[in-house]
Amino acid sequence: MSAYWISIYREITDEAKVAAYAELAGPALRAAGGTFVVRGLPEQTYEAGEVTRTVVSVFDSVDAARAAHDSPAYQEALAALDGGAVRDLRIVPGAE
C-alpha cells in the first residue's frame, strides 16, 4: 500500500537553510523511491487552513518512507536544515 510523506512548514526561520535542505532532500527522497506530488503554498484554504508551505511525496509503502527518512542521505539533508524551519512531518498510509 502506498504511503504519503507530508511536510507542513509552520515557520521558516532561515531561508538559506531551507534551500540547503531542499538541495539535498529532493535527491535523497527520489533515490529512496519517493515522488513529489505537491510542493508549495496553497491556492485556497478553508476552515482552519493556514497559508503554509506544504510538500507531499508518495512512496510504495510506509516502510519505504520510513527507510527514506532514516537514510544517511536524508539525515544529511536534516543536518543542513539545522533549525531553519519548524515543520510538521508525518507519514500516512494511502487509502487503497
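Heads up: the structure comes first, above all this text.
For every chain, the first residue of its written sequence is number 1, and the numbers climb from 1 along that sequence. Local features in this predicted model are restricted to residues whose pLDDT is 70 or higher, and side-chain atom pairs enter the listing and the counts only when it is 80 or higher, whereas totals over whole chains, interfaces and linings include all residues. To obtain the side-chain values, all non-hydrogen atoms of the structure were included, while hydrogens and water were left out.

K.L.:
Can you help me understand a nonpolar patch on the surface in this one?
P.N.:
Taken together, the side chains of Tyr4, Val37, Val38 and Val92 present a nonpolar region at the surface, about 290 Å² in accessible area. In this description a helix means any DSSP run of H or I spanning at least four residues, a strand means any run of E spanning at least two, and both kinds are numbered starting from the N terminus. Structurally, Val92 can be placed in strand S4 (residues 85-93). Using a 1.4 Å probe on the protein chains alone, a residue whose accessible area is under 20% of its type maximum counts as buried, one over 50% counts as exposed, and one in between counts as partly exposed. Accessibility expressed as a relative area gives 33% for Val92, which makes it partly exposed. Nonpolar side chains (Val, Leu, Ile, Met, Phe, Trp, Tyr) within 5 Å and like charges within 9 Å form the patches, drawn only from residues with over 30% relative accessible area and no salt bridge. With residues, only the protein chains shown are counted as cover, and all accessible areas are computed by Shrake-Rupley using a 1.4 Å probe. Whenever a carboxyl oxygen of Asp or Glu lies within 4 Å of a side-chain nitrogen of Lys or Arg, that contact is scored as a salt bridge.

K.L.:
What is the right way to look at the pairing of strand S3 (residues 54-59) in this model?
P.N.:
Strand residues, when the strand is regular, have side chains that alternate between the two faces of the sheet. Counting buried residues along S3, 5 of its 6 residues qualify, which places the element largely inside the surrounding structure. Paired strands, in this sense, are two strands between which DSSP finds at least two bridges. Sheet topology note: the strand S1 (residues 3-12)/S3 ladder contains 6 bridges and is antiparallel. Bridge assignment links Ile8 to a residue of S3, and that residue is Thr54. Alignment of strand S2 (residues 35-40) against S3, held across 5 bridges, turns out to be antiparallel. Bridge pairing links Arg39 to Val55 in S3.

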